[in-house]
Amino acid sequence: MSKAEEAKKTITIENVVASTAIGQEIDLKSVTLALEGADYDPEQFPGLVYRTKDPKTAALIFRSGKIVCTGAKSIEDVDRGLKKVFKKIASVGIKVDPNPEITVQNIVASADLGSVLNLNAIAIGLGLENIEYEPEQFPGLVYRLDSPKVVVLLFGSGKLVVTGGKKPKDAEEAVERIVKELEGLALL
Amino acid sequence: RLRKWQRRIRVSNATERNLAFALSELDRMASALGLPRNIRETSAVVYRKAVTKNLIRGRSIEGVAAAALYAACRQNGVPRTLDEIAEVSRVSRKEIGRTYRFISRELGLKLMPTSPIDYVPRFCSGLNLKGEVQSRAVEILRQAAEKELTSGRGPTGVAAAAIYISSILCGERRTQREVANVAGVTEVTIRNRYKELAEELDIEIIL
DNA sequence: GCTTTAAAAAGTAACTT
DNA sequence: AAGTTACTTTGAAAAGC
């Protein structure tokens, strides 16, 4: 089996960020009082923070009725988490759009290339103008891909992080491209 | 028409005033760090290029000046850490690093990450260590680079560990605390790095 | 640009035990 | 010296300063 396929199998979605809207204005003050565990400090941030335990997510609820959901480990968990948030909001007497459109904004995934990497050599191989590698500031090498449009963080251990994608396939394509590029440079 | 001219003169004055301020700022920081004239000149060149490419927009003159100085040190092979630059700057280390990455990319500086080897002469003289200790530390770092022991590690920490080992091998032992203070890292970091180097390079250290 | 959320990677740092 | 917590980097949305 190719290294690209081996690496793809190690892909783990670590975080999914999504946005939606209930189609109704919300009085955050009263919702804060009605919901236990709701954090709302308008001086610090305009959104109300509400956390769900299963799935473990954090929802940012705004006055406009727009909501941001973060922390989910899968797109399915985003839906499950938001369902719970919607029910909570509805239980406080607020009308909720029965079919809210949920948009995935970002997916963070991790993976393992299976062998250690020489980041200095990779920096030269990929081209110093295409990467950012400042070990004094951060141990990872930053590589931006145009297609899929994601950012990859490569580490000396061979582990990597792919972020900026909107669908799981973006991470898969990114890993495949990275593996092929590194193999082409004989650096993997 | 007259206003147009006045405006141009005003802009020109402002531009020159800003440049003069930036250059004096570069000089002030360079003096505080005891940097030689060639580095001040390099930093001035980097700063002027940044001005030419309008990279100052939305950024503070001091931030760009600090980043230009940081870049100049690296270009000349005598790097200063972001912490050292930040100490003589009015800008935070975080902003200097950010600005450096920005101008580095925009000006196409294409600088390789700082090599631990470039820190050896300065750290060694700060510890009053002779040339023999230096060359031995450099040799350790060469081997370390070949064996992939530097990927992702902070250059100062690796350099400090190599110097620590070298000082012992040369019979001019410096404590981890002394090396840590000169290199600006913690003793824990030196310990982690030197154990790794000793193990992977098969260096026996008798304390 | 900042503020807040979540999560991973690996290195470094700052505390406590 | 070991453990814990926390900060560095990346990405995106929300409303407002």
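In what follows, the structure referred to is the one given above.
Residues numbered from 1 in each chain as written. Chains lettered and ligands numbered in written order. Predicted model: local features only at pLDDT ≥ 70, side-chain atom pairs only at ≥ 80, totals over all residues. Heavy atoms only, no water.

A. Inspection of the protein's contact with DNA strand D at higher detail. Taken together, 22 residues lie around DNA strand D, and R63(A), S64(A), V108(A), R144(A) and R191(B) are the ones closest in. R63(A) is positioned with one of its side-chain polar atoms (N or O) 2.8 Å from a phosphate oxygen of DNA strand D. One of the side-chain N or O atoms of S64(A) is found 2.5 Å from a phosphate oxygen in DNA strand D. Breaking the surface near DNA strand D down by element, the ones donating at least two residues are β5 (66-72), β6 (103-112), β9 (150-154) and β10 (159-165) of chain A together with α5 (93-106) of chain B. Top contributing element to the surface near DNA strand D by residue count: β6(A), with 3 residues. Within the surface near DNA strand D, the residues separate by chemical class into 10 nonpolar, 5 polar and 7 charged. (Near = heavy atom within 4 Å. Polar contact = N/O pair within 3.5 Å; in protein donor to acceptor, adjacent residues only side chain to side chain. Helix = DSSP H or I, 4+ residues; strand = E, 2+ residues; numbered from the N terminus. Nonpolar A, V, L, I, M, F, W, Y, C, P; charged D, E, K, R; others polar.)

B. Expanded view of the protein's contact with DNA strand C. As a matter of local geometry, DNA strand C sits amid 29 residues, with R51(A), K56(A), S157(A), R98(B) and T189(B) nearest to it. What you see for DNA strand C is that sugar and phosphate hold 74% of its atoms within 4 Å of the protein. Within the side chain of R51(A), one N or O atom sits 2.3 Å away from a phosphate oxygen of DNA strand C. Interatomic distance of 3.0 Å between a side-chain N/O atom of T70(A) and a sugar or linking oxygen of DNA strand C. At the level of elements, β1 (12-21), β4 (57-61), β5 and β10 of chain A together with α10 (187-200) of chain B are the ones that each hand at least two residues to the surface near DNA strand C. For the surface near DNA strand C, the per-class residue count stands at 11 nonpolar, 10 polar and 8 charged.

C. Structural view of the environment of R193(B). Residues and elements named next belong to chain B. By secondary structure assignment, the location of R193 is in helix α10. The spatial distance from the C-alpha of R193 to the C-alpha of R93 is 24 Å, given a sequence separation of 100 residues. Once you skip the residues sitting within four places of it in the chain, R193 turns out to touch R153, G157, V158 and A161. (Contact = heavy atoms within 4.5 Å.)

D. Region of interest: helix α4 (residues 119-126) of chain A. Residues and elements named next belong to chain A. Within the span of α4, buried status applies to L119, I122, A123 and L126. Burial along α4 is one-sided: seen end-on, the buried residues are contained in an arc of 105°. On the buried face of α4, the contacting elements are β7 (131-132), β8 (141-145), β9 and α5 (168-184). Where α4 begins, one side-chain oxygen reaches toward the backbone nitrogen of N120, 3.1 Å away; that side chain belongs to N118. Among the residues trailing α4, G127 stands out with phi positive, at a value near 100°. (Buried < 20%, exposed > 50% of the residue type's maximum accessible area, 1.4 Å probe, protein only. Arc of directions from axis to C-beta.)

E. Representation of the interface of chain B and chain A within the structure. If you look at the interface, chain B gives 21 residues, while chain A gives 17 residues. Regarding the contact of chain B and chain A, the summed buried area is about 1700 Å², with carbon and sulfur atoms giving 48% of it. A salt bridge links E134(A) to R74(B); the nearest nitrogen and oxygen atoms lie 2.5 Å apart. For the side of chain B that touches chain A, the secondary-structure elements that each account for two or more residues are α3 (61-75) and α5 of chain B. For the side of chain B that touches chain A, the leading source of residues is α5(B), giving 5 residues. Here the side of chain B that touches chain A is built from residues that sort into 8 nonpolar, 6 polar and 7 charged. (Buried area = accessible area lost by both parts, 1.4 Å probe. Salt bridge = Lys/Arg side-chain N within 4 Å of Asp/Glu carboxyl O.)

The values are spatial; any link to function lies outside them.
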